[in-house]
Amino acid sequence: VLRPVFETATLYKQVLIGASAVLLLCFSIFISMLWLKRRQDSLYGWFAAASFSWMFFVFDMYVQHVPIQERLWDTLVFASVGWLVIFMTIFFHRFWNLRYPRFDRFILSFGIIGTLTLYLVGDAHFYFVSSYIWDNLLIVFSVYMTWFIITQCMNCPTREAWMLGL
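Residues numbered from 1 in each chain as written. Predicted model: local features only at pLDDT ≥ 70, side-chain atom pairs only at ≥ 80, totals over all residues. Heavy atoms only, no water.

S.K.: Please provide a residue-by-residue account of the overall build of the protein, values included.
M.R.: The helix and strand inventory of the protein stands at six helices and zero strands. Across the protein, helices and strands are ordered from the amino to the carboxyl terminus as α-α-α-α-α-α. With the principal axes as the frame, the protein shows a C-alpha extent of 55 × 35 × 30 Å. Counting all 166 residues of the protein, 37% fall into the buried class. Taking contacts inside the protein between residues at least 6 apart in sequence as the whole, the part at least 24 apart equals 68%. Of the roughly 10800 Å² that the protein leaves accessible, carbon and sulfur atoms contribute 71%. Looking at the protein, you have 11 positive and 9 negative side-chain charges, and the mean spots of the two groups are 13 Å apart. (Helix = DSSP H or I, 4+ residues; strand = E, 2+ residues; numbered from the N terminus. Buried < 20%, exposed > 50% of the residue type's maximum accessible area, 1.4 Å probe, protein only. Contact = heavy atoms within 4.5 Å. Areas by Shrake-Rupley, 256 points an atom, 1.4 Å probe, with all protein chains shown as cover. Lys, Arg positive; Asp, Glu negative; His and termini not counted. Charge placed at Lys NZ, Arg CZ, Asp CG, Glu CD.)

Now the structure itself:
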């Protein structure tokens, strides 16, 4: 009795996740093309990179048979969440026309070192490092990003800023 309901719900879930991944891919390509036309507006490039990162994370929920070694796949999934936070942080800075070159270098270096660490750490420690160290450091950057958005919205209360903050 429950099997048909379960199969239908699973089908809807798979279709919605797959459709979301495809829409995110199309959106990411569109934003990338905008950035290629307007390279002086780097916020498009950072937003496109963040969108690709998010698309990969959503695509992971859709994939049933991982096309590469499972451990490498997990590294890419955890890294994609990290790069999403990093790219969005830089995007928010660019949105408000703020440049923090040292901070940008620091956060990009953090992403590179973190990704390499996730790749190089042994299998026995991977999930500990990815879940308890990498994710918690990303929470710190996310809290910074949230604080930054709130303070910018308070200092520059435009409709666009508030919509972006939501």
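S.K.: How would you summarise the packing of helix H3 (residues 70-95) against helix H5 (residues 123-155) if you had to cite specific residues and measurements?
M.R.: Remark: H3 packs on H5, axes separated minimally by 10 Å, with the N-to-C direction vectors making an angle of 15 degrees. Our classification of the angle between H3 and H5 gives roughly parallel. The crossing of H3 and H5 is left-handed. Classifying every residue of the contact of H3 with H5 by side-chain character gives 15 nonpolar, seven polar and four charged. (Axes fitted to C-alpha atoms, helices over the stretch in contact; angles between N-to-C directions. Parallel < 35°, antiparallel > 145°, perpendicular 65-115°, else oblique. Left-handed = near helix turned anticlockwise from the far one by under 90°. Nonpolar A, V, L, I, M, F, W, Y, C, P; charged D, E, K, R; others polar.)

S.K.: Describe the packing of aromatic side chains, and please don't skip the residues or the numbers.
M.R.: The description of an aromatic ring pair rests on the distance of the ring centres and on the angle between the ring planes. A complete count under the given rule lists 23 aromatic pairs for this structure. An angle of 50 degrees between the planes, with centres 6.1 Å apart, marks the rings of Phe106 and Phe141 as tilted. Placement of Phe106 in helix H4 (residues 101-120) and of Phe141 in helix H5 is noted, with a sequence separation of 35 residues between them. Centroid distance Phe110 to Phe141: 4.8 Å. Interplanar angle 55 degrees. Geometry classified as tilted. Separated by 31 residues along the polypeptide, Phe110 in helix H4 and Phe141 in helix H5 bring together distant segments of the chain. (Phe/Tyr/Trp six-rings, centres within 6.5 Å; stacked < 30°, edge-to-face > 60°.)

S.K.: Tell me about the pattern of salt bridges, and name the residues and values.
M.R.: Applying the stated criterion across every chain, the model contains four salt bridges. A salt bridge links Asp41 to Arg38; the nearest nitrogen and oxygen atoms lie 2.6 Å apart. Judged by its relative accessible area of 39%, Arg38 is partly exposed. Between Asp123 and Arg71 there is a salt bridge whose closest N-O contact spans 2.9 Å. A residue pair is termed long-range when its members are at least 10 positions apart, and Asp123 in helix H5 and Arg71 in helix H3 qualify at 52 residues. Relative accessible area serves as the criterion here: at 13%, Arg71 is assigned to the buried category. (Salt bridge = Lys/Arg side-chain N within 4 Å of Asp/Glu carboxyl O.)

S.K.: Now, about unusual backbone geometry: what can you tell me, with residues and values included?
M.R.: Of note, Asn97 is a non-glycine position whose phi angle comes to about 55 degrees, a positive value. Mapping Asn97 onto the fold places it in the loop between H3 and H4. Judged by its relative accessible area of 70%, Asn97 is exposed.

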